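Residue-level structure breakdown
Here are the chains, one letter per residue:
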Amino acid sequence: MPLLKRKPFSLSERPDDLKSDELVFQIRFTKEIFRDYREYLQRINLYRQRVWTCKSTGKGNLTYEEALVSEKQAIEKVQQFPKELMEPVLRDVQFSMLPLRDLVTSISAKLKERLLEGTEIYGRKNNRIYPCKIVKVIDEEVEKTQYQVAWLDKDKKVTENAVVSGDDLIKRKLPFSRDVLKSFIRESTYRSAPWVLHDKLAQKYGISTNLPEELRDKISPKRKLSKKDQEATNGERKRKKLKNDEEIENDVPIKYPIDDLLVRPAADDPVFTTRPPPTRDFKVPMDCVGDLLMIWDFCCSYSRLLNLSPFSLDDFENAICHKDSNVVLIVESYSALLRLLIKDDGDYFIALQKKKRKAKISLVTWTDYMCDFLELAGNEDLSTHITTIKRGHYGILAIHAKLAIFAQLVNEVLACNVMREKLDEYIEERKALAAEKRGEALEQGRMRREIKEMAKGTSNGVEHNGDASKKPAEKKHTSENSGKKQGNTSEKEANKVKVGAEVTVTSNKDSAAKGSKKSMDTEKNKTEDITNIQQRKEYLDREMEKRFIRTNPLGKDRDYNRYWYFRKEARIFVESCDHKQWGYYATKPEVDALMGSLNEKGEREKALKQQLEKRYNKISGEMQKKSKEAQRIQMEEEAALRRSSRVRAPPRDNPARAFLKYANKLKED
């Protein structure tokens, strides 16, 4: 059950006097029932806030539904935890005082150093690699462990026994990640300082539940309560918990955006456009579109790493549907993925070494390498196609089978060390670029503030100089009046006052002009600096885009349909909530109509509209460019048809067969 601010949260109880024909409001993922719409809206609004924590993984900043999904996935992963490793891991966990992170690191290091009995791995014998099985662990020295192994043949039958050191064995990666181990430890314990296993789990594996003597002084024993006191305490806790839940729920204000399904029409709503239906003219079956997009996006996004020239989605779709067995685009794509697995020096590389295959894959031999991969993968559904591929009839395979083989190969490449190292490198570089981008944004904001302050100071200075220039004139006027009244001021003195006033006004005007020119020059330099910073930010955006990690959906609409935009395809793809239907928008008017149909009062549609507005210029520009190119080709074809029949025009290339001209220019020699 998800935690609210890291504390347990109780669900609302079902009304006792509920009638069968009564209209109520029910929350989909908790099955809670409410009679009052306001109470229902308050509770659903609370569930939509990011204040929940997954109990199994400890992830925070989640909505209630996201925390439920996280717990479900964590439990599924824990159930896949290797059974042969459960007992040694649980023994290390019991009564450990280490923090969770250190405990996971300690257990992982221990499992990597020592191999368990019954583990099947590869070992070195006579400078060659053979499969073997750990029979017994022999501890002759503290620092070095030896193992009694049984060497196996192709049929996994024991040929001989031997004692080898740990250096002669090729240790595999642990069959689980750190996150899975963390979830397993959390699910197996009810206390963390020290870690204490559940009693039933400890009894199942024969692990002692008695607290060690060295920990008895550190941990104070809890006083045992009588049954009556226990019931009273539990009742009081429950009442306090319900009261706190009600206070939290009542404190939450109802404000937009809210869940899209709760949004109702209102008088202040804008006029929404009708959402256009997406185009669905795919050549592959509808349930294959998702795999098609995933494989194409991976191959094009990591083309440099794969040494594979990018190709369009249309070309890839046409090549997959083609019945020829040696389409260059397909063969080069398979070969690029297989070459990366060979560079990884993993299980696939070892299997090729055993068969003494060369590292070079060609148009003639690619099927042998593909069959070796399918045999090693151990997928029963895909293994049925090995015979067909070996006979050279890959082209007649069903589209589902072709894409399934591609998907299996892409998943293996994603898990290999070469790919992981490259992704880690990209992540670190993106972090550095993002930090530099933030610094540029702060510098740009500082310069803009300085320009505003300078403009304000310049205007104040001009007003001040104007007032100063008026004072000599006023002084002159006063002197003249006093001279007329008293008759003591001579004509010569009056002329001196006049000249002095004119000199003062001129000097003030010159200084004001110099100050204004200086401030204008400084402001111009600041503006140029801001322009340079903006260009720098655009450069950093391009560099971050080059370090591609993965494609994320733009967002979801009211009905949970997902919207995807791929960098090298001028279309917006729509995936239904059940992942069974796909479509796309390919023109600017369709995108405009889609954006006009989104209601910003809903959480999902507001986020989707923001992403579309952020990328609108790029998406619409690429769509218009592609549309103009299509119009140009169409006009050329119509012009060719209007030619006289006496002029024999050369046959035009069919765009649907453009994939046959594909050449991999990035291929390594």
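Below: a short report on this structure. None of these values were measured; they are calculated from a predicted model. Residue indices begin from 1 for each chain and proceed along its sequence in written order. Residues qualify for local features only when their pLDDT is at least 70, as the model is predicted, and side-chain atom pairs are given and counted only at 80 or more; totals for whole chains, interfaces and linings, by contrast, use all residues. Note: side-chain values were computed over all heavy atoms of the structure, leaving out hydrogens and water.

Counting its secondary structure elements, the chain contains 22 helices and 16 strands. A total of 669 residues make up the chain; the buried ones form 36% of that total. Long-range contacts, defined as pairs at least 24 residues apart, comprise 60% of the intrachain contacts of the chain with a sequence gap of at least 6. Split by element, the accessible area of the chain, about 42,600 Å² in all, is 49% carbon and sulfur. Strands are runs of DSSP state E lasting at least two residues, helices are runs of H or I lasting at least four, and both sets are numbered from the N terminus onward. Categorising residues by exposure relies on relative accessible area from a 1.4 Å probe, with only protein chains included: less than 20% of the type maximum marks a residue as buried, more than 50% marks it as exposed, and the intermediate range marks it as partly exposed. We call two residues in contact whenever any of their non-hydrogen atoms come within 4.5 Å of each other. Areas reported as accessible are Shrake-Rupley estimates using a 1.4 Å probe. Residue values count occlusion only from the protein chains shown.

Now for empty space enclosed by the protein. Buriedness of a pocket was judged along seven lines, with at least five required to meet protein on both sides within 12 Å; pockets are open sets of points on a 1 Å grid over the protein atoms alone, cavities are sets where a 1.4 Å probe fits but cannot get out, and lining residues have an atom within 4 Å of a point. Grid points are joined across faces, edges and corners, and a volume is the space filled by probe spheres set on the points. Counting across every chain of the model gives three cavities of 30 Å³ or more. Of the pockets and cavities examined, the largest cavity occupies roughly 70 Å³. Lining the largest cavity, in full, are Leu 305, Leu 306, Asn 307, Ala 336, Arg 339, Leu 340, Lys 343, Lys 667 and Glu 668. Mapped onto the lining of the largest cavity, the elements with two or more residues apiece are α10 (303–306) and α12 (328–343). Per element, the largest residue contribution to the lining of the largest cavity is four residues, and it comes from α12. For the lining of the largest cavity, a count of residues per class yields four nonpolar, one polar and four charged. The classification used treats Ala, Val, Leu, Ile, Met, Phe, Trp, Tyr, Cys and Pro as nonpolar, Asp, Glu, Lys and Arg as charged, and all other residues, Gly among them, as polar.

Bringing the pairing of strand β15 (residues 572–575) into the picture now. Across the two faces of β15 the burial is the same, with Ile 572 and Val 574 and Phe 573 and Glu 575 all buried. Across four bridges, strand β14 (residues 562–565) lies against β15 in antiparallel orientation. Each residue of the ladder has a partner; that of Tyr 563, found in β15, is Val 574. Strand pairing is assigned whenever DSSP detects at least two bridges linking the two strands. Judged from the four bridges that link them, β15 and strand β16 (residues 582–585) form a sheet pairing that is antiparallel. Across the sheet, residue Ile 572 finds its bridge partner in β16, namely Tyr 585. What sits between the antiparallel neighbours β15 and β16 is a turn of six residues, in which His 579 has the positive phi angle 65°.

In this structure, the second largest pocket occupies an estimated 1,200 Å³ of space. Listed by contribution, the elements that provide at least two residues to the lining of the second largest pocket are α11 (313–321) and α22 (616–641). Element by element, the count of residues in the lining of the second largest pocket is highest for α22, at eleven residues. The residue inventory of the lining of the second largest pocket, partitioned by class, reads 16 nonpolar, five polar and 17 charged.

This next bit is on α11. With seven of its nine residues buried, α11 lies for the most part within the structure. By the burial criterion, the buried members of α11 are Leu 313, Asp 315, Phe 316, Glu 317, Asn 318, Ala 319 and Ile 320. If you follow the buried residues of α11, they end up packed against α9 (289–301), α12, α17 (399–415) and β15.

All right, on to the sheet that holds strand β1 (residues 3–4) then. Spatially, the three strands line up as an open sheet ordered β2-β1-β5, and their pairing is antiparallel. In this open sheet, the two edge strands, each paired with only one partner strand, are β2 (7–8) and β5 (52–53). Note: β1 against β2, two bridges, orientation antiparallel. Bridged to Leu 4 within β2 is Lys 7.

What follows is about the packing of helix α3 (residues 83–93) against helix α4 (residues 100–113). An axis is simply a line fitted to the C-alpha atoms; with a helix, the fit covers only the stretch in contact. Between two such axes, the angle follows the N-to-C directions and lies from 0 to 180 degrees. The N-to-C vectors of α3 and α4 enclose an angle of 135°; their axes lie 11 Å apart at closest approach. As judged from the angle between their axes, α3 and α4 are oblique. At the point where α3 passes α4, the crossing takes the right-handed sense. Taking contact as the criterion, the partners of Leu 85, Val 89, Asp 92 and Val 93 in α3 are, on α4, Leu 103, Ile 107, Lys 110 and Leu 111. Throughout this description, any angle smaller than 35 degrees is read as roughly parallel, any larger than 145 degrees as roughly antiparallel, any in the 65 to 115 degree range as roughly perpendicular, and the remainder as oblique. Note on convention: the crossing is left-handed when the near helix lies turned anticlockwise from the far helix by less than a right angle, right-handed when the turn is clockwise.

No statement about biological role is implied by the geometric values presented.
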